[in-house]
Amino acid sequence: MSNFEVTNLKVNYRKNPLGIDDLHPRLSWWISTEVRGFIQSAYQVQVANDPKFVSELIWDSEKVESDSNVHIEYAGPDLQSRTRYYYRVRAWNDQGKVSEWSEPAYWETALLSVKEWQAKWITAPLSNQENGAEPCDYIRTEFSIPDNVVSARVYATSLGLYRLYINGIPADNTLFNPGWTSYNNRLQYQTYDVTSLIAAGGNALGCILGNGWYKGYLAWEGKKDIFGNARAVLIQLHVTLSDGSEHIIVSDEKWRTSTGPLLMSELYHGETYDARLEKEGWSSPGFEDLKWQKTILKDRPKATLVAQENEPTRVIETIKPIAIITTPKGEHVLDMGQNMVGWVRFMVHAEAGTIVTLEHAEVLDREGNFYIGNLRSAKQTVTYVCRGGEEETFEPYLSFQGFRYVKVTGIPQDQLLEQFIGCVIHTDLEQTGKFNCSDELLNQLQHNILWGQKGNFLDIPTDCPQRDERLGWTGDAQVFIRTAAFNMNVVPFFEKWLKDLAADQEEDGRVPHVIPDVPAAGYGSAAWGDAAVICPWTLYQCYGDIRVLKTQYPSMKAWVEYIRVQGEDEYLWNTGFHFGDWLGLDAKENSYVGATLKELIATAFYAYSTELLAKTATVIGKPEDALKYEALHEKIVLAFRQEFVTPNGRVASPTQTAYTLALMFDLLEEKDRHRTAKMLADHIEENGVHLTTGFVGTPYLCLVLSRFGYTDLAYQLVLQKEYPSWLYSVIQGATTIWEHWDGIKQDGSFWSDDMNSYNHYAYGAIGDWLYRTAGGIELLEPGYKKIRIQPQIGDHLSWVDASLESVHGTIKVTWKKLNEASVEMQVLIPSNTTAEVMIPTMKQENILESGIPIEQVIGLSSVEQMPEGQKLIIGSGNYQFTYPMS
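Attention here is on the structure that accompanies the text. Everything quoted here is computed from the prediction, not taken from an experiment.

Further remarks concern helix α7 (residues 547-564). Taking 1.5 Å as the rise per residue, α7 with 18 residues should run 26 Å; its terminal C-alpha atoms sit 26 Å apart, in good agreement. For α7, the principal kink sits at Tyr553 and spans about 55°; a proline, Pro554, occurs within the next four residues. Along α7, the positions that sit buried rather than exposed are Arg547, Val548, Leu549, Gln552, Tyr553, Ser555, Met556, Trp559, Val560, Glu561, Tyr562 and Ile563. Residues of α7 that are buried sit in contact with β3 (26-33), β7 (72-73), α5 (491-504), α6 (531-543), α8 (598-619) and α9 (623-644).

Set out below in structure tokens:
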């Protein structure tokens, strides 16, 4: 028996995914062992149609000499549609010992050819829309199954949002399907395992269909029907019986439709539901639907259909209100204790016709009254009309709200606290990172960063979840993606979004400001469009997955080429519209744009994206492109220096953001970098240890300070309590990240009604620095195949506990000061990786590991003295180092 085992099998980052259309899915696994220094020398993958592997194998990789345990592509015979594939893995260590076979895992394919779609697009007659209102459509059919059911799958999608029911029961617990994509180019469909819901005899299938992103209001101009003006649904059910036969039920013109109790559903405005209009049993067999109208066919191509790519959206957790507030105006308001995204589930016992109204808000004003000014035109209101009789329970169907406070009318105050539950909704992403430390305000900041990500990662990375916006702003996504990849497994989420970015990219390469594209938002800004390059590269760095680079490379290249042809000088970007250092604190009065020259920012990002494009070309095997863009990058850097750096080496735009970008992107000559870093540090100190940066400069500020030896100043910035600072909002009671440093001013007034979200993750990008610098978890090779452990401790914290579940396994660093003179650092390195651990002491003999002199440590391969201390190369395993502070 070996002392290691293969565990945590995943396909395309997911456990046992249902309904994928990837013809070459990527397989990954972990190695679990207590042995230090484990390195895999070989692996074997087997794929079969049964979980016991007693039938003939579909694919056997046989023994492959490799230390790779992530992103192993299936290389067997062509996959078949609607088929479950079981796989198992075993591995060899570097002594030639082999593990037992892993427990089997599986993936299941969806419809791999558009020709397999027999269903027809159906829609409700326009007469369902009365007096300009748009009640949701209720659509149904009945069918009979003659024998025992072995398996049943539904493949479904819609133009709009839909909820699917089988025999009166929801098909599953997912929400907001089919999600938001570039609908006219790529439309996701979902796969449902409904085997347990189908019975021999009569059955019914129904769905509720609403506007959603496809047809509802989007952005701030009051416009709707952005992607189309008619809702529709496409449903195909396959039922396999015990005798091997198959029954297929498809949407067609024979299905029936009507309106129902859901009279209005809009993502911005909420829902109106009249329970007196409920049609009991409408999605169950035997319901009388003769008065319902026939559906009509819609001409819509199916070639754009793709199987669900990212994780679904669900109710992830529930929270109870912490208090009932009676405001100075006498209104009854629930305090959920957390700025959240989702909806409220409530119970009510009242007479028929009683109207219950829930309004949602993020904050109270300085008098303590309910405040909705920052919602702009979004109503965020749920109206429920009681049917009367017994106790009723309601929660919304096809809309979500961003809120902490809920103003309730129609229910007595004494019933409020126990009758309401907050349902937290977001894309069901696996949490992979944790950060805790000795400073409780900093822990709250990390909490706020995480909750900002929860609230704004709802199918796409949005900028805010409450006002009439909620769009996939590219700039916000690219500045936050590295932090996001610490907190959660975000690859499928961003892969899907980046494919939409490529689909919405114009022929000339320009990238819309928001993805999916909403024309009102515009296109082509530096630091926003650069998401096309920065996001794929970041995913590759964090997860080691080359496929995302290969998939996005045409988009990445098109963006850089778009920049190159702008203006008269192909090496400077000094034309077009740019957001600049958005919301920078050094902006002129009544301006959103910081003082840093827009042309400097644009050219800096031009250089950065070109550099990343050249690196990408090298990684994916395009040497000619690599040479081309390396040369272009050199010329852009030279042009940057000639245009924005004085002959004496001073950055011409003396702002924190200008200094930060020039240093972060290596745009200065080596001789000028440390002086510029000192100028940046001086600028911060002259401002009383306060930042002046906006969206562009803030994410890199502390990283640059630490890189150039100013970690102590970075700690002071991060721990600064006075405005402007990260902790200012924490002290003000924030539970998510604010859009503005002074979203609530020190006197309790608001920055503005105009654009003032209290759940806006961009400034949460400081989480990257928390993990990498305070926690000391850094990658040396993509996917953390090789890791650097180097926490920069300083005088400000007494302990930090940081961890990351990488694609190879859990990386964990816990350090604490034992006293004023010594530190204990516990390190966990996952199997099949190695780590470089930096210990800041000049004497090797001062380092102990679990009480043992360092030279006797099992798992240690080398020690090297460096200018900053001792560099230890270790293999996988648990280690406990103690060493002096200096």
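Picking up where we left off.
A word on empty space enclosed by the protein. All chains considered together, the criterion is met by four cavities of 30 Å³ or more. Taken as a whole, the largest cavity holds about 190 Å³ of empty space. Taken together, 15 residues make up the lining of the largest cavity; nearest its centre are Lys10, Tyr13, Asn489, Ser806 and Val807. Elements with a minimum of two residues in the lining of the largest cavity: β1 (4-11) and β3. Take the lining of the largest cavity: its biggest share by element is three residues, from β3. Of the residues that constitute the lining of the largest cavity, the class distribution is six nonpolar, six polar and three charged.

Side-chain pairing between opposite charges can occur once the charged atoms of the two side chains come close. Counting across every chain of the model gives 61 salt bridges. Across the salt bridge formed by Glu65 and Lys63, the nearest N and O atoms sit 4.0 Å from each other. What makes Glu65 exposed here is its relative accessible area of 60%. Ionic pairing is found between Glu134 and Lys215, a salt bridge with its closest N-O pair at 2.3 Å. Within this pair, whereas Glu134 is found in the loop between β10 (122-123) and β11 (137-145), its partner Lys215 is found in helix α1 (residues 212-215), the two being separated by 81 residues in sequence.

Within strand β12 (residues 149-159), eight of the eleven residues are buried, which leaves the element mostly enclosed by the surrounding structure. Relative to strand β17 (residues 232-241), β12 runs antiparallel, the two being bridged by ten bridges. Across the sheet, Leu159 pairs through a bridge with Ala232, a residue of β17. Bridging between β12 and strand β15 (residues 187-193) involves four bridges; their strand directions are antiparallel.

For the rest of this paragraph, the subject is the environment of Glu868. Turning to its location among the elements, Glu868 is positioned in the loop between β46 (860-866) and β47 (869-874). In the structure, Glu868 is positioned 27 residues away from Thr841 in sequence and 7.5 Å away in space, judged by C-alpha atoms. Other than its neighbours up to four places away in sequence, Glu868 contacts Gln790, Met838, Ile839, Pro840 and Met842.

Interhelical geometry of helix α4 (residues 474-487) versus helix α15 (residues 766-774) gives an angle of 55° and a closest axis separation of 7 Å. If you check the angle between α4 and α15, you find them oblique. When the axes of α4 and α15 are compared, the crossing they make is left-handed. Note on element contacts: α15 touches α4 through Gly767, Asp768, Tyr771 and Arg772, opposite Arg482, Thr483, Phe486 and Asn487. Considered class by class, the residues forming the contact of α4 with α15 number two nonpolar, three polar and three charged.

One open sheet holds the five strands; their spatial order is β38-β39-β43-β47-β46, and the pairing between them is mixed. The sheet is open, and its two borders are formed by β38 (777-779) and β46, each paired with just one other strand. Going across the sheet, the axis of each strand differs from the next one's by a mean of 20°, ignoring polarity. Judged from the four bridges that link them, strand β39 (residues 786-789) and strand β43 (residues 834-839) form a sheet pairing that is parallel. Each residue of the ladder has a partner; that of Lys786, found in β43, is Thr834.

In this model α5 runs 20 Å from its N-terminal to its C-terminal C-alpha over 14 residues, within 8% of the 20 Å that 1.5 Å per residue would give. Most of α5 is tucked away: eleven of the 14 residues are buried. Among the residues of α5, Val491, Pro492, Phe493, Phe494, Glu495, Lys496, Trp497, Leu498, Asp500, Leu501 and Asp504 are the ones counted as buried.

Right, let's get into the packing of α8 against α9. How two helices sit against one another is set out by the angle between their axes and by the gap between those axes. Between α8 and α9, the shortest axis-to-axis distance is 8 Å and the interhelical angle comes to 160°. Between α8 and α9, the interaxial angle falls into the category roughly antiparallel. In this structure, α8 crosses over α9, and the sense of that crossing is left-handed. Every residue of α9 that contacts α8 at Glu599, Leu600, Thr603, Ala604, Tyr606, Ala607, Thr610, Glu611, Leu613, Ala614, Ala617 and Thr618 is listed here: Pro623, Asp625, Ala626, Tyr629, Glu630, Leu632, His633, Ile636, Val637, Phe640 and Phe644.

Turning to the environment of Asn93, a few remarks are in order. Within the secondary structure, Asn93 sits in strand β8 (residues 84-93). Residues Asn93 and Tyr43, spaced 50 residues apart in sequence, show a C-alpha to C-alpha distance of 9.1 Å. When neighbours within four sequence positions are excluded, Asn93 is seen to be in contact with Phe4, Phe38, Ile39 and Ser41. A distance of 3.0 Å separates a polar atom in the side chain of Asn93 from the backbone nitrogen of Gly96.

If you walk across this open sheet you meet the six strands as β14-β13-β16-β11-β19-β22, and the pairing is antiparallel. Each edge of the sheet is formed by a strand with only one pairing partner; in this case those strands are β14 (169-170) and β22 (293-294). Pairing geometry for strand β13 (residues 161-166) and strand β16 (residues 201-210), over six bridges, is antiparallel. Bridging from a neighbouring strand, Leu164 pairs with Cys207 of β16.

Once that is clear, we can look at unusual backbone geometry. One can expect most non-glycine residues to show negative phi and most peptide bonds to be in trans. Following Asn177, the chain continues to Pro178 via a peptide bond in cis, the omega torsion being 10°. Note on placement: Pro178 falls in the loop between β14 and β15. Following Ile515, the chain continues into Pro516 via a peptide bond in cis, with omega recorded as -5°. Position of Pro516 relative to the elements: it lies in the loop between α5 and α6. A positive phi angle, close to 55°, is found at Asp225, a residue other than glycine.

What counts, and at which threshold
- Residues numbered from 1 in each chain as written.
- Predicted model: local features only at pLDDT ≥ 70, side-chain atom pairs only at ≥ 80, totals over all residues.
- Heavy atoms only, no water.
- Helix = DSSP H or I, 4+ residues; strand = E, 2+ residues; numbered from the N terminus.
- Expected span 1.5 Å × (residues − 1).
- Bend = angle between axes of the 7 residues up to and from the residue.
- Buried < 20%, exposed > 50% of the residue type's maximum accessible area, 1.4 Å probe, protein only.
- Contact = heavy atoms within 4.5 Å.
- 1 Å grid on protein atoms, 1.4 Å probe; cavity = no way out; pocket = protein on both sides within 12 Å on 5 of 7 lines; lining within 4 Å.
- Points joined across faces, edges and corners; volume = space filled by probe spheres on them.
- Nonpolar A, V, L, I, M, F, W, Y, C, P; charged D, E, K, R; others polar.
- Salt bridge = Lys/Arg side-chain N within 4 Å of Asp/Glu carboxyl O.
- Pairing = 2+ DSSP bridges.
- Axes fitted to C-alpha atoms, helices over the stretch in contact; angles between N-to-C directions.
- Parallel < 35°, antiparallel > 145°, perpendicular 65-115°, else oblique.
- Left-handed = near helix turned anticlockwise from the far one by under 90°.
- Polar contact = N/O pair within 3.5 Å; in protein donor to acceptor, adjacent residues only side chain to side chain.

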